[in-house]
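# Working through the structure, step by step
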Amino acid sequence: MASRLNPYISFSGDAKQAMEFYKEVFGGDLAINTFGAFGSDTPPGFADKVMHSMLETSGGFTLMAADTPPGMEYKAGNNISVSLSGDDMTELRGYWDKLSGSGTVAVPLEKQMWGDVFGMCTDKFGITWMVNISEQQA
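This write-up is about the structure you can find in this document. (Residues numbered from 1 in each chain as written. Predicted model: local features only at pLDDT ≥ 70, side-chain atom pairs only at ≥ 80, totals over all residues. Heavy atoms only, no water.)

### Some remarks on the environment of Tyr 74
Relative to the elements of secondary structure, Tyr 74 occurs in the loop between strand E4 (62-67) and strand E5 (80-86). Looking at Tyr 74, the relative accessible area reads 32%, which means it is partly exposed. Tyr 74 sits 32 residues away from Thr 42 along the chain, and the two C-alpha atoms are 18 Å apart. Once you skip the residues sitting within four places of it in the chain, Tyr 74 turns out to touch Ser 10, Phe 11, Ser 12, Thr 68 and Asn 79. (Helix = DSSP H or I, 4+ residues; strand = E, 2+ residues; numbered from the N terminus. Buried < 20%, exposed > 50% of the residue type's maximum accessible area, 1.4 Å probe, protein only. Contact = heavy atoms within 4.5 Å.)

Right under this line is the structure:
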């Protein structure tokens, strides 16, 4: 899979409803994973909230979203990040190193409970970036 760049929107508890609305608007395939789907590390009251969702359309649009987890600030207007994802470890780690090098790391780039390598940082210009590296498919 080639690396892709797309918007990632944070919501304050209504990510599922928002993504279902965007599916009605744009069409496509919507995948939603809740915090509860990942088991024992679910924050209290978040079992049915969206940990990650992705809408992919036949027109080539990709939109990702989640509910803001406890401990992270939700502020309307500042709730969009840029997501870099793919399976090219070298390419994506290179982007990560450059983006996070002069910025602030919120989540270190490391293996996560869903199996991918993931990290989140804010670059020197205040833009939040999420990098997700999946294993290459054979």
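### What to know about the side chain of Ser 81
Structurally, Ser 81 can be placed in strand E5. The residues contacting Ser 81, other than those within four sequence positions of it, are Asn 6, Pro 7, Tyr 8, Thr 128 and Met 130.

### Focus on the environment of Asn 132
If you trace the backbone, Asn 132 turns up in strand E8 (residues 128-133). Considering only alpha carbons, one finds Asn 132 and Ala 47, 85 residues apart in sequence, at a separation of 23 Å. Setting aside its immediate chain neighbours within four residues, Asn 132 contacts Leu 84, Ser 85, Gly 86, Leu 92, Trp 114, Asp 116, Val 117 and Phe 118.

### Describing helix H1 (residues 15-26)
When the terminal C-alpha atoms of H1 are compared, their 16 Å separation across 12 residues agrees well with the 16 Å that a helix rising 1.5 Å per residue should span. When H1 is considered as a whole, its buried residues turn out to be Ala 15, Ala 18 and Met 19. Viewed along the axis of H1, the buried residues span an arc of 95°, placing them on a single side of the element. Exposed residues on H1 whose side chains face more than 90 degrees from its buried face are Gln 17 and Glu 24. Elements in contact with the buried residues of H1: strand E1 (4-11), strand E2 (29-34), strand E3 (50-56) and E4. Where H1 terminates, the next one or two residues include Gly 27, which has phi positive at roughly 75°. (Expected span 1.5 Å × (residues − 1). Arc of directions from axis to C-beta.)

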